[in-house]
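Chain by chain, the residues:
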Amino acid sequence: MKIGVVGAGAMGSGIAQVAAQSGHKVYLFDTKSEALKKSETKLLKVLARLVEKEKISQDKANEIHGNISYVNELNAFEDTGMVIEAIVENLDIKKVVFQNLESIVSDSCILATNTSSLSVTSIAGACSKPERVIGVHFFNPAPLMPLVEIIPALQTSKEITNSTRALVDSWKKVTVIAKDTPGFIVNRVARPFYGEAIRILEEGQANIATIDWALTEIGGFRMGPFTLTDFIGHDVNYVVTETVFTAFFYDQRYKPSFSQKRLVEAGRLGRKTGHGFYNYAKDATDNPVAVENKELGEYIVNRVLLMLINEAADALFLNIATAKDLDLAMTKGVNYPKGLLVWANELGIDYVYNGLMDLYEEYHEDRYRPSPILRKMIKTNSKFVIE
């Protein structure tokens, strides 16, 4: 099958590499010739490093490079079996792209969007054959991150869902099925990792270094929330938070923070600009030092973890995904040390519920309300079944 990819940015280029590594002929499209050149140059550097590390042979590297054609006309997608769009997160622009694609590709071609937070159903609604439109959300960098969220639109046929998942599985990816709701699984469930950490900072209970220390050294997370958002880029992370908050009709659980908004306004976007929550200048002297207090650290981890578990539990309650896919998504998509529902079982459902109620009683804010599924589980003395 020939694969088309729209957008030669970091994500589109990564997806093209994944498909090419699996033996597909890939057409990578961008309107900007400099973006195509940059994509090809970067791929050659990546392949050279893989050869140098003896991960692949030179012949394999040549094959992967040869599988990708860099094109500036959508007509190159005429014979493709699937086209994956990976452009700017703007719904109106995506709709126009999909309408243009429909006039070029065959009736059997699958049209996929790599959107991380926009409505797949809305994109499909702009098409004359909405049943072949589906969300296929990779994580950056696509060649390295194993998880791909498969998101059927309301109109997507079961055949398209099944064939898309089978195809992406054949690319040696871990796939999960998510309902078409804001943030899907990962970008919904992970919001408290950033949001609650920032709330603790804003309350003055700990500085950024202490919170990062607690969640990595005590919590076992690979990166702390402030290091991670600086790495992702606040222009990206804040926009996703704002999008999810708006899309959920301003549910207080997803409320963005002024602290992060001000960073964006100041142009302090993280590592890429040299300043975010942390200052990355070589001679920086204003970065805080972690206060490695065990009691404080455990409080921070417990508060963030309770909020994460509650979000995962509520996603299960609302049938966003299966328990197995929810835990897979968080371990494979954002490298959590264990699945949140497994973690809840280990802590005890009553412990999680009572901890959330303590927070609710302290703050009287709707963000701390426990999911109804937790109350039901306490009544039946049950645990999450993950299979």
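Our structure is the block above this text.
This section reports on the structure supplied with the text. (Residues numbered from 1 in each chain as written. Predicted model: local features only at pLDDT ≥ 70, side-chain atom pairs only at ≥ 80, totals over all residues. Heavy atoms only, no water.)

1. Section: the overall build of the protein chain
Consideration 1: Along its length, the protein chain carries 17 helices and 8 strands.
Consideration 2: Taken over C-alpha atoms, the radius of gyration comes to 22 Å for the protein chain, in line with the 21 Å a tight globule of 387 residues would show.
Consideration 3: Overall, the protein chain is about 60 × 55 × 40 Å in size when its C-alpha atoms are taken along their principal axes.
Consideration 4: Within the protein chain, buried positions represent 52% of all 387 residues.
Consideration 5: A separation of at least 24 residues holds for 70% of the contacts in the protein chain among residues at least 6 apart in sequence.
Consideration 6: Summed over its atoms, the accessible surface of the protein chain is roughly 17700 Å², and 52% of this surface lies on carbon and sulfur atoms. (Helix = DSSP H or I, 4+ residues; strand = E, 2+ residues; numbered from the N terminus. Rg over C-alpha atoms; globule rule 2.2 N^0.38 Å. Buried < 20%, exposed > 50% of the residue type's maximum accessible area, 1.4 Å probe, protein only. Contact = heavy atoms within 4.5 Å. Areas by Shrake-Rupley, 256 points an atom, 1.4 Å probe, with all protein chains shown as cover.)

2. Concerning the pattern of salt bridges
Consideration 1: Scanning the model with the defined rule gives 22 salt bridges in all.
Consideration 2: Between Arg 369 and Asp 251 there is a salt bridge, and its shortest N-O distance comes to 2.9 Å. Taken as a pair, Arg 369 in the loop between α16 (349-363) and α17 (372-380) and Asp 251 in the loop between α11 (234-247) and α12 (258-265) lie far apart in primary sequence, 118 residues in all.
Consideration 3: According to the relative accessible area criterion, Asp 251 is buried, its value standing at 15%.
Consideration 4: Here Lys 261 ties to Glu 265 by a salt bridge, and the two come within 2.8 Å at their closest N and O atoms. Placement of both Lys 261 and Glu 265 in helix α12 is noted, with a separation of 4 residues, approximately one turn of the helix.
Consideration 5: Put simply, Arg 188, Asp 251, Arg 253, Glu 311, Asp 314, Asp 366 and Arg 369 are held in one network by salt bridges that share partners. (Salt bridge = Lys/Arg side-chain N within 4 Å of Asp/Glu carboxyl O.)

3. Here we look at the packing of aromatic side chains
The geometry of an aromatic ring pair is captured by the separation of the ring centres together with the interplanar angle, meaning the angle of the planes.
Consideration 1: Tallied over the entire structure, the rule returns 12 aromatic pairs.
Consideration 2: Here Phe 221 and Tyr 336 contribute two aromatic rings whose centre-to-centre distance is 5.0 Å and whose plane-to-plane angle is 90°, an arrangement assigned as edge-to-face. In this pair, Phe 221 is assigned in the loop between α9 (208-218) and α10 (225-232) and Tyr 336 in the loop between α14 (323-333) and α15 (340-347), connecting sequence segments 115 residues apart. No difference in accessibility class separates Phe 221 from Tyr 336, as the two residues are buried.
Consideration 3: In this structure an aromatic cluster arises from ring pairing among Phe 193, Tyr 194, Phe 221, Tyr 336 and Trp 343.
Consideration 4: The positively charged end of Lys 25 is found above the aromatic ring belonging to Tyr 27, 5.9 Å away from the centroid. (Phe/Tyr/Trp six-rings, centres within 6.5 Å; stacked < 30°, edge-to-face > 60°. Lys NZ or Arg CZ within 6 Å of the ring centre and 35° of its normal.)

4. Structural notes on the nonpolar core
Consideration 1: Within the largest apolar cluster, 82 residues are counted, with the highest numbers of intra-cluster contacts made by Phe 77, Ile 185, Phe 193, Leu 340, Leu 374 and Phe 384.
Consideration 2: With 11 residues, helix α13 (residues 294-317) is the single largest residue contributor to this core.
Consideration 3: Once residues within four sequence positions are removed from consideration, Ile 185 is found in contact with Glu 149, Val 176, Ile 177, Ala 178, Ala 321, Asp 325, Leu 326, Ala 329 and Met 330.
Consideration 4: Counting 33 residues, the second-largest nonpolar core is a separate cluster that includes Ile 15, Ala 16, Ile 64 and Met 82. (Core = buried A, V, L, I, M, F, W, Y, C linked by side-chain atoms within 4.5 Å.)

5. Here's the deal with the packing of α15 against α16
Consideration 1: In contact at an axis separation of 5 Å, α15 and α16 are set at 95° when each is read in the N-to-C sense. Relative to α16, the element α15 lies roughly perpendicular. Counted together, Ala 344, Asn 345 and Leu 347 of α15 and Ile 349, Tyr 351 and Val 352 of α16 form the full contact between these two elements. (Axes fitted to C-alpha atoms, helices over the stretch in contact; angles between N-to-C directions. Parallel < 35°, antiparallel > 145°, perpendicular 65-115°, else oblique.)

6. Points about the sheet that holds strand β8 (residues 174-177)
Consideration 1: Read across the open sheet, the 8 strands follow the order β3-β2-β1-β4-β5-β6-β7-β8; overall the sheet is mixed. Looking along the sheet, the strands with just one partner apiece sit at the ends: β3 (68-71) and β8. Within the sheet, the average angular offset between the axes of one strand and its neighbour, ignoring direction, is 25°.
Consideration 2: Where strand β2 (residues 26-29) lies against β3, 4 bridges are found, and the strand directions are parallel. (Pairing = 2+ DSSP bridges.)

7. Section: the side chain of Ser 13
Consideration 1: Inspection of the secondary structure assignment puts Ser 13 in helix α1 (residues 10-21).
Consideration 2: Judged by its relative accessible area of 16%, Ser 13 falls in the buried class.
Consideration 3: Polar side-chain contacts of Ser 13 include one of 2.8 Å to the backbone oxygen of Gly 9.
Consideration 4: A polar side-chain atom of Ser 13 sits 2.6 Å from a polar atom in the side chain of Ser 39. (Polar contact = N/O pair within 3.5 Å; in protein donor to acceptor, adjacent residues only side chain to side chain.)

8. Points about unusual backbone geometry
Consideration 1: Cis geometry is adopted by the peptide bond preceding Pro 141, which originates at Asn 140 and carries an omega value of 0°.
Consideration 2: Within the secondary structure layout, Pro 141 lies in the loop between β6 (133-138) and β7 (147-152).
Consideration 3: The residue His 364 is not glycine, and still its phi comes out positive at about 55°.
Consideration 4: Along the polypeptide, His 364 turns up in the loop between α16 and α17.

9. Side note on the side chain of His 137
Consideration 1: Positionally, His 137 belongs in strand β6.
Consideration 2: Under the relative-accessibility criterion, His 137 is labelled buried at 5%.

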